[in-house]
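Listed below are the residues making up each chain.
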Amino acid sequence: MNKPDVESTDEWILAQRGPRNAVDPSRPYAFLNEREFSHRSRLEDVSTVFLTNSECPFRCLMCDLWKNTTSESVQPGQIVEQIRFALDRLPPAPHIKLYNSGNFFDPNAIPECDHEAIAESVSCFDTVIVESHPKMIGRRCFAFREMLDADMHVAMGLETIHPEVLRRLNKRMTLDDFSTAVRLLRKMGVGVRAFILLRPPFMTESEGIDWAKRSIEWAFEQGVECCTIIPTRAGNGAMETLARSGDFTPPAIASLEEVVARGLSLHAGRVFADLWDIAEIARDKDREAINRLNQMNRTQIPLV
Ligand code: SF4
């Protein structure tokens, strides 16, 4: 077994952090509607509700999602209250993402006793998309699937198939764990999305591009239907420390274009650039590149 590097341990990662944001466990910390090229091959509205709940038990090196989490579990009923609060204020949409900054099937994050009421609260949607670590795909996931009237999709972080970098991300997951989870989900008729990092720490720009392309291909081979490419960003303390030591540099926007175009050219499934935090890597002169990425997201046609 490999000896852990100091920067890949929970203790080191936690020591780099700043404070959490103040969040209210009775309210989602954000919610929005956006247009997305759906699995039905057309542009459709998707509601996303960013649920406030307790922090993910994993401590991935690049993760900044803990910032909008609580240190204690939310009370039963509060997740349903959050979903209803958002849906009362959002226009109707056929699809919904319930993103909880961690693992939907972690009972410390989303109380299992709320699953039935959550399923009821989203019964008007055609598709419900939740996120989970591959190791949390099991009984709770399949029981929730049975409660839904809608199709279920699960988004999981693959991050990278580079074995050494994946280990150093402290994801506590092997590629076998990921492919096993995909196989179980597909067997249950659940669609699978993968989050793939563009240029995680410990890679040069060209390695970042190469491994993101390879990761997309591998994900599709496992049965993933949709890949979202996330330009790795700073903002969690650990990444700033790695940037100072020369172990992390954010990717160029041209690299994101190249990787997304390559993924789309495979015609193996949908590929999106994650543009939610694109301002982190974009400069004024990148406006045209952002427009092209938006267009590739909307049309699923490679442009570069
Ligand atoms: S499993 Fe996901 S939410 Fe949890 S620490 Fe890793 S990246 Fe963050």
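Read on for an overview of the structure.

Basis of the calculations
Residues numbered from 1 in each chain as written. Predicted model: local features only at pLDDT ≥ 70, side-chain atom pairs only at ≥ 80, totals over all residues. Helix = DSSP H or I, 4+ residues; strand = E, 2+ residues; numbered from the N terminus. Rg over C-alpha atoms; globule rule 2.2 N^0.38 Å. Buried ≥ 20, exposed ≤ 12 C-beta atoms within 10 Å, placed from the backbone. Contact = placed C-beta atoms within 7 Å. Pairing = 2+ DSSP bridges. Axes fitted to C-alpha atoms, helices over the stretch in contact; angles between N-to-C directions. Near = placed C-beta within 6 Å. Nonpolar A, V, L, I, M, F, W, Y, C, P; charged D, E, K, R; others polar. Expected span 1.5 Å × (residues − 1). Parallel < 35°, antiparallel > 145°, perpendicular 65-115°, else oblique. Left-handed = near helix turned anticlockwise from the far one by under 90°. Core = buried A, V, L, I, M, F, W, Y, C linked by C-beta atoms within 7 Å.

Before going further, it helps to spend a moment on the overall build of the protein chain. When helices and strands are counted, the protein chain shows 10 helices and eight strands. Compactness check: the protein chain gives a C-alpha radius of gyration of 18 Å against a globular reference of 19 Å for 304 residues, within 12% of the reference. Dimensions of the protein chain, computed from the C-alpha atoms along their principal axes, are close to 45 × 45 × 40 Å. Considering the protein chain as a whole, with its 304 residues, one finds that 44% of them fall into the buried category. Once local pairs closer than 6 in sequence are excluded, the contacts in the protein chain between residues at least 24 apart make up 76%.

Taking strand neighbours across the sheet as the criterion, the eight strands line up as β1-β2-β3-β4-β5-β6-β7-β8 in an open arrangement whose pairing is mixed. The open sheet is flanked by β1 (30–37) and β8 (270–273), the only strands paired with a single partner. Taken over all neighbouring pairs, the strand axes of this sheet differ in orientation by 25° on average, direction set aside. Direction of pairing for strand β4 (residues 127–131) relative to strand β5 (residues 151–159): parallel, over a ladder of five bridges. The partner of T127 across the bridge, within β5, is D151. Against the sheet, helix α7 (residues 205–222) touches β5, β6 (191–198), β7 (226–231) and β8, its axis set at about 170° to β6.

The full set of residues close to the ligand is C56, F58, R59, C60, C63, L65, S101, G102, H133 and G157. Among the residues making up the shell around the ligand, the classes are represented as five nonpolar, four polar and one charged.

The residue L264 is located in helix α9 (residues 253–265) in this model. Each C-alpha atom of the pair L264 and L303 lies 9.4 Å from the other, and the pair is 39 residues apart in sequence. Those residues in contact with L264 that sit more than four places away from it in its chain are V271, M296, Q300, I301 and P302.

For the rest of this paragraph, the subject is α9. The terminal C-alpha atoms of α9, which comprises 13 residues, lie 18 Å apart, in line with the 18 Å expected from a rise of 1.5 Å per residue. Buried residues of α9: I253, S255, L256, E257, V259, V260, G263 and L264, and no others. Where the residues of α9 are buried, they touch β6, α7, β7, β8 and α10 (287–299). One or two residues past the end of α9 sits H267, with phi positive at roughly 55°.

With that out of the way, let us pick up the packing of α7 against α9. Packing of α7 against α9 brings their axes to within 9 Å, and their N-to-C directions diverge by 25°. With respect to α9, the element α7 is oriented roughly parallel. The handedness of the crossing between α7 and α9 comes out as right-handed. On α9, the residues touching E205, G208, I209, A212, K213 and I216 of α7 are S255, E258, V259, R262 and G263. Class assignment of the residues belonging to the contact of α7 with α9 gives a composition of four nonpolar, three polar and four charged.

Glancing now at the pairing of β1. One ladder, built from eight bridges, connects β1 with strand β2 (residues 43–50); its direction is antiparallel. Residue pairing in the sheet places E36 in a bridge with E44 of β2. Connecting β1 to the antiparallel partner β2 that follows it, the hairpin turn spans five residues, and S41 within it adopts a positive phi of roughly 60°.

Let us now look at the environment of W12. For W12, the location among the structural elements is in helix α1 (residues 10–15). When the 17 C-beta atoms within 10 Å are taken as the criterion, W12 is described as partly exposed.

One recurring pattern in soluble globular proteins is that nonpolar side chains are buried together. Core analysis: the biggest nonpolar cluster contains 79 residues, and I196, C227, I229 and V260 have the highest contact counts within it. For this core, the leading source of residues is α7, giving six residues. Not counting chain neighbours up to four residues away, the residues in contact with I229 comprise I196, L198, A212, L256, V259, V260, V271, F272, A273 and D274.

All right, on to the environment of R183 then. Counting through the fold element by element, R183 comes out in helix α6 (residues 175–187). By the C-beta count within 10 Å, which is 14 here, R183 ends up partly exposed. Separated by 45 residues in the primary sequence, R183 and G138 have C-alpha atoms spaced 12 Å apart.

Right, let's talk about the packing of α9 against α10 for a bit. Relative orientation of the contacting elements α9 and α10 amounts to 20°, with a least axis distance of 10 Å. Of the possible angle classes, the one that applies to α9 and α10 is roughly parallel. Handedness of the crossing formed by α9 with α10: left-handed. On α10, the residues that touch I253, A254, L256, E257, V260, A261 and L264 of α9 are A289, R292, L293 and M296. A per-class count over the contact of α9 with α10 returns nine nonpolar, no polar and two charged.

This part is about unusual backbone geometry. Positioned with a positive phi, R172 is a non-glycine residue whose angle comes to about 55°. As for its placement among the helices and strands, R172 is situated in the loop between α5 (163–168) and α6. For F202, which is not a glycine, the phi torsion comes out positive at approximately 70°. Using a count of 20 C-beta atoms within 10 Å as the deciding quantity, one classes F202 as buried.

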